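Examination of the molecular architecture
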Amino acid sequence: MSQTTPEIQIPTEKLPDDGRFASGPSKVRPQAVQALAAIADDYLGTSHRKDTVKDIVGRLRDGLSTLFELPDDWEVVLGNGGTTLFWDAATIGLIKEQSQHLSFGEFSSKFAAGVAAAPFLADPMVIESATGDHPEPVGTPGIDLYALTHNETSTGVSMAPVRPSGADDDSIVAVDATSAAGALAWDPSHVDCYYFAPQKAFASDGGLWLAPCSPKAMDRIREIEAGPRWIPPGLDLKIALDNSVKNQTYNTPALATIFLTMHQVEWFNENGGMSFSTGRCKANADVIYGWAEKSSFASAFVTDLGKRSQVVATIDFDDSVSADDIASILRANGIRDTEGYRKLGRNQLRIALFPAIESSDLEALTTCLDYVVEQLG
Ligand SMILES: *Cc1c(COP(=O)(O)O)cnc(C)c1O
């Protein structure tokens, strides 16, 4: 808290039961942690090459196939290093010559920049838009990979992953779904590789990447691996694929992360699958945007309703109140990680709406926001 931030104590009865609203790592459900504790003695600290662990990896892979209703010929590939490492693996092992990137925020621009720096690829075609908006992909001869981002976590903009018309038949669509997977619907017929890390909507920990892949994406992986390009084994998607179908990873994974992810996927599936998990996000979005609409000092940053994220809400504040001060006061009261994305530089809060978060807690958050602003008066 800065020296000038007033101390405000929010009455306890107004506070949310769980004050975690971070956009990642995000709230982990206590039920999942308890379930992990319950099997810990037989699971944590045991070999990842033995059935106890491989069974959980298998349940995770099967659970994701069920949740996303993947066609039978898809495989869920996984490995260590999170989404950022997957970008490197995709740069080496998924792009043949030239990719097209939609760049509309911190994460989508990062992948494009990494590809631009790769000496063995042609310069990528990068289509940008202002923050708070997203561009559309443009089907272009010669582009062999389209890099889309389902939800740009830095700005709170989401887009439907759609295969662009006019794209070459053998081109593939790769979607960064790190914050969208499990929270927003998507259609596998428009996608070949839907990659993510589980510390967002899957309410687990970071350090793992998961990538459901279509036959076309797997063909691409095999084609590049068979060619002359040098691929370090740790970034080799063919090695990752071969291990994944055996329900294991190339090197030792974080077993707790895998368990927590599996638990969240099964929680979704037991309650109705994607309609359940996306429904929870929609309900959360209705609370926060509904409040912002009525508020005299707050408004949604993303004005186009079709692009406004139901996963991460970015809320602008009037100049009369400091969003940074509000976030600091909330933090001092146990409500965490509502700060805006630094690099956007707006007078803004960013609030996660993931399926693990209760709508009643978001309602309490809006009550707290009103209270704090009134006290700052
Ligand atoms: C969080 C996030 C990333 C980075 O994920 P890491 O697992 O930390 O590498 C990438 N893309 C998007 C859209 C994200 O939300």
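Residues numbered from 1 in each chain as written. Predicted model: local features only at pLDDT ≥ 70, side-chain atom pairs only at ≥ 80, totals over all residues. Heavy atoms only, no water.

**Brief notes about the site of the ligand**
Filter applied, for reference: Only heavy atoms are used to decide nearness, and a residue is near a molecule or strand if one of them lies within 4 Å of it. Nitrogen and oxygen atoms within 3.5 Å of one another constitute a polar contact, given that in protein one can donate a hydrogen and the other can accept it, and given that sequence-neighbouring residues count only through two side-chain atoms. Here, Shrake-Rupley sampling with a 1.4 Å probe gives the accessible areas, and only protein chains in the shown set may cover a residue. Secondary structure elements follow DSSP: runs of H or I of four or more residues count as helices, runs of E of two or more count as strands, with numbering from the N terminus. Only Asp, Glu, Lys and Arg are considered charged in this grouping, and only Ala, Val, Leu, Ile, Met, Phe, Trp, Tyr, Cys and Pro are considered nonpolar; every other residue, Gly among them, is considered polar.
Around the ligand sit 13 residues in total, of which T84, T153, D176, Q199 and K200 are the nearest. Here T84 contributes a side-chain N or O atom positioned 2.5 Å from an oxygen atom of the ligand. With respect to the ligand, the side chain of T153 contributes an N or O atom lying 2.4 Å from an oxygen atom. In the complex, the protein chains occlude 87% of the 390 Å² of accessible area that the ligand would expose alone. Per-element accounting of the shell around the ligand gives the leading share, 4 residues, to helix α3 (residues 82-93). Of the residues that constitute the shell around the ligand, the class distribution is 3 nonpolar, 8 polar and 2 charged.

**Focus: the packing of aromatic side chains**
As a reminder, the rule being used: For Phe, Tyr and Trp, rings pair up if their centres lie within 6.5 Å, where Trp contributes its six-membered ring, and each pair is then called stacked (planes under 30 degrees apart), edge-to-face (over 60) or tilted (otherwise). Working rule: Lys NZ or Arg CZ, within 6 Å of ring centre, within 35 degrees of ring normal, means a charge sits over the ring.
On inspection of all chains with the given rule, the structure shows 18 aromatic pairs. Each ring, one from Y194 and one from F196, has its centre 6.3 Å from the other, and the planes form 65 degrees; the classification is edge-to-face. Members of the aromatic cluster, connected to one another through ring pairs, are F68, W74, W186, Y194, F196, F202, W267, F268 and F276. Geometry around W267 places R29 over its ring, the cationic atom sitting 3.6 Å from the centre.

**Overview of empty space enclosed by the protein**
Put simply, the rule is: Lining residues are defined by having an atom within 4 Å of a point belonging to a cavity or pocket. Those points lie on a 1 Å grid over the protein atoms alone, cavities being sets where a 1.4 Å probe fits but cannot get out and pockets being open sets with protein on both sides within 12 Å along at least five of seven lines. Grid points are joined across faces, edges and corners, and a volume is the space filled by probe spheres set on the points.
Enumeration according to the criterion identifies 1 cavity of 30 Å³ or more in this entry. Taken as a whole, the largest cavity encloses approximately 50 Å³ of empty space. Along the walls of the largest cavity sit W87, H101, L102, F107, S108, F111, A147, L148, T149, D176 and Y195, which together make up its complete lining. Breaking the lining of the largest cavity down by element, the ones donating at least two residues are β2 (99-103), α4 (106-116) and β4 (145-149). Looking at the lining of the largest cavity residue by residue, the class counts come to 7 nonpolar, 3 polar and 1 charged.

**Concerning the domain arrangement of the chain**
Convention followed: These domain boundaries are the output of an automatic or database domain assignment. Any two residues having at least one pair of non-hydrogen atoms within 4.5 Å are treated as being in contact. Buried area counts how much accessible surface, traced with a 1.4 Å probe, disappears from two parts once they are put together, with both parts' losses summed. Salt bridges are identified by distance alone: a Lys or Arg side-chain nitrogen within 4 Å of an Asp or Glu carboxyl oxygen.
According to the domain assignment, the chain consists of domain 1 (12-28 + 273-376) and domain 2 (41-270). Computed over C-alpha atoms, the centres of domain 1 and domain 2 are 28 Å apart. On the side of domain 2, 30 residues touch domain 1, which itself brings 30 residues to the contact. When domain 1 packs against domain 2, the two sides together hide about 2,400 Å² of surface, and 62% of this comes from carbon and sulfur. When the buried area of domain 1 at its contact with domain 2 is split by residue, M274, K307 and Y341 rank highest and sum to 24% of it. At the boundary of domain 1 with domain 2, the tally comes to 2 salt bridges. Across the salt bridge formed by K343 and E106, the nearest N and O atoms sit 2.9 Å from each other. The interface formed by domain 1 and domain 2 contains 11 residue pairs in polar contact (both at pLDDT 80 or more). Mapped onto the side of domain 1 that touches domain 2, the elements with two or more residues apiece are α8 (274-294) and β11 (312-317). Looking at the side of domain 1 that touches domain 2, the element that brings in the most residues is α8, giving 6 residues. Of the residues belonging to the side of domain 1 that touches domain 2, the class tally is 14 nonpolar, 10 polar and 6 charged.

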